[in-house]
Amino acid sequence: MEPQLTHSAAEGIATVVIHNPAKLNAMTAGMWRALPPLLDTLAADPDIRVLVLTGAGGTFCAGADISTLQGSPEEAQRLAVRAEDTLAAFPKPTLAAVRGHCVGGGVQLAAACDLRFAEEGALFGVTPAKLGLVYRASSTRRLAALVGPATAKYLLFSGELIDTERALRTGFLDEVLPGDELDKRVAEFTRVLDSRSGLTQAAAKEFANGRTDRDAYWAEQARESGEAAEGVAAFLERRRPDFSWTGPASST
């Protein structure tokens, strides 16, 4: 199979799979280009409530395909950052499910997700110093926001790999799962996310990401949505709430 991104959707959960097993799921230029329009399509689908990003087989993503850097490293980085930014702006909860290597561009993609679950034994690294590349400002800030400036500098200065224990301790990972439990846990947790209020999640995502100019917008959405009334009624009636807010496909 040619290097590509595949996707599927079931019961409100979209799964995007990085597929280039011959090169540990390294992202080609074509794959970087394909990701933003794919994400836009999934974001516009009101039936999609959660996005999972993962890699085919036993690894997540070993970064950018190095052969794509021979012609124009600047263009390759531009494509990667555009894909990363589009993923970070996805208006619904996103979760990276990580096995094996998550390196370079793989870390960019994982860091752009809201949550990161990993299987024990996964390895993480940011390697531009091995290639003489300058990691873009937005990517550096996103990494530093997750792990703190000191760990971001350690990773960027050295290009060394860290294990799941350290990645969890620094805040890069949210959960580490033993052996073959990653898929089960991701399925379980995404069902939880699917059952919660999309209004709450969308507003919280914007606020947590630092946006400060939309309080009035979200207050209006809350008033008009009826989400709180449904949530309170469901709690009192001891039933699962039927949250119906889907909102705009993307924020403005």
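Here is a short report on the structure shown in this document. Here the structure is a predicted model, which means the values were calculated and not measured. Numbers given for residues are sequential positions, taken from 1 along each chain in its written order. pLDDT decides what is reported in this predicted model: residues at 70 or higher carry local features, side-chain atom pairs at 80 or more are listed and counted, and totals for whole chains, interfaces and linings draw on all residues regardless. Water and hydrogen atoms play no part in the side-chain values, which are based on all heavy atoms of the structure.

1. Here we look at the overall build of the protein
Applied cut-off: Secondary structure elements follow DSSP: runs of H or I of four or more residues count as helices, runs of E of two or more count as strands, with numbering from the N terminus. Note that the radius of gyration is over C-alpha atoms, with the globule rule given as 2.2 Å times the number of residues to the power 0.38. Exposed residues in this analysis have more than 50% of their type's maximum accessible area, buried residues have under 20%, and partly exposed residues fall in between, with area computed by a 1.4 Å probe over protein chains only. To measure how exposed things are, a 1.4 Å probe is used in the Shrake-Rupley method; for residues, cover is taken only from the protein chains shown. In this count, Lys and Arg are taken as positive residues and Asp and Glu as negative ones, while His and the chain termini are left out. Charged groups are reduced to one reference atom each: NZ for lysine, CZ for arginine, CG for aspartic acid, CD for glutamic acid.
Each helix and strand counted, the protein has 11 helices and nine strands in total. The C-alpha radius of gyration computed for the protein amounts to 19 Å, which stays within 12% of the reference 18 Å derived for 252 residues, consistent with globular compactness. With the C-alpha coordinates aligned to their principal axes, the bounding extent of the protein is approximately 60 × 40 × 40 Å. Relative to its full complement of 252 residues, the protein shows a buried share of 47%. Element-wise, carbon and sulfur atoms account for 55% of the exposed surface of the protein, whose accessible area totals about 12,400 Å². Side-chain charges of the protein comprise 26 positive and 32 negative groups, with the mean position of each set lying 3 Å from the other.

2. Some words on the packing of aromatic side chains
Selection criterion: The criterion for an aromatic pair is that two Phe, Tyr or Trp rings (for Trp, the six-membered ring) have centres within 6.5 Å, with stacked assigned to planes under 30 degrees apart, edge-to-face to planes over 60 apart and tilted to the rest.
Enumeration according to the criterion identifies four aromatic pairs in this entry. Between Phe117 and Phe189, the ring centres sit 5.3 Å apart and the planes meet at 55°, which makes this aromatic pair tilted. You can see Phe117 sitting in strand S6 (residues 115-119) and its partner Phe189 sitting in helix H8 (residues 182-195), a full 72 residues away along the chain. As far as burial versus exposure is concerned, Phe117 and Phe189 are alike and both buried. Relative to Trp218, the ring of Tyr217 lies with its centre 4.9 Å away and its plane at 80°, an arrangement referred to as edge-to-face. Aromatic rings pair up to connect Tyr217, Trp218 and Trp245 into one cluster.

3. A word on the sheet that holds strand S4 (residues 94-98)
Let me state the cut-off plainly: We call two strands paired when DSSP finds no fewer than two bridges between them. The axes are straight lines fitted to the C-alpha atoms, using for helices just the contacting stretch, and the angles between their N-to-C directions are given from 0 to 180°.
Across the sheet, six strands lie side by side as S1-S2-S3-S4-S6-S9; this open sheet has mixed pairing. Where the open sheet ends on each side, the last strands, each with one partner, are strand S1 (4-10) and strand S9 (175-177). Strand after strand, the sheet turns through a mean of 20° between neighbouring axes, direction not considered. Of the strand pairs in this sheet, strand S3 (residues 50-55) and S4 are connected by four bridges, and their pairing is parallel. Bridge assignment links Thr54 to a residue of S4, and that residue is Ala97.

4. Side note on the sheet that holds strand S5 (residues 101-103)
To summarise the sheet geometry, strands pair through backbone hydrogen bonds and adopt either a parallel or an antiparallel arrangement. Short version of the rule: The criterion used for residue contact is that any of the two residues' heavy atoms lie within 4.5 Å.
Taken together, the three strands give an open sheet; going across it, the order is S5-S7-S8, and neighbouring strands pair in mixed fashion. Edge strands, defined here as strands with exactly one partner in the open sheet, are S5 and strand S8 (162-163). Two elements, S5 and strand S7 (residues 123-125), share three bridges in a ladder whose sense is parallel. Within S7, the residue paired with His101 across the bridge is Leu123. Running at roughly 90° to S5, helix H3 (residues 105-112) makes contact with S5 and S7 of the sheet.

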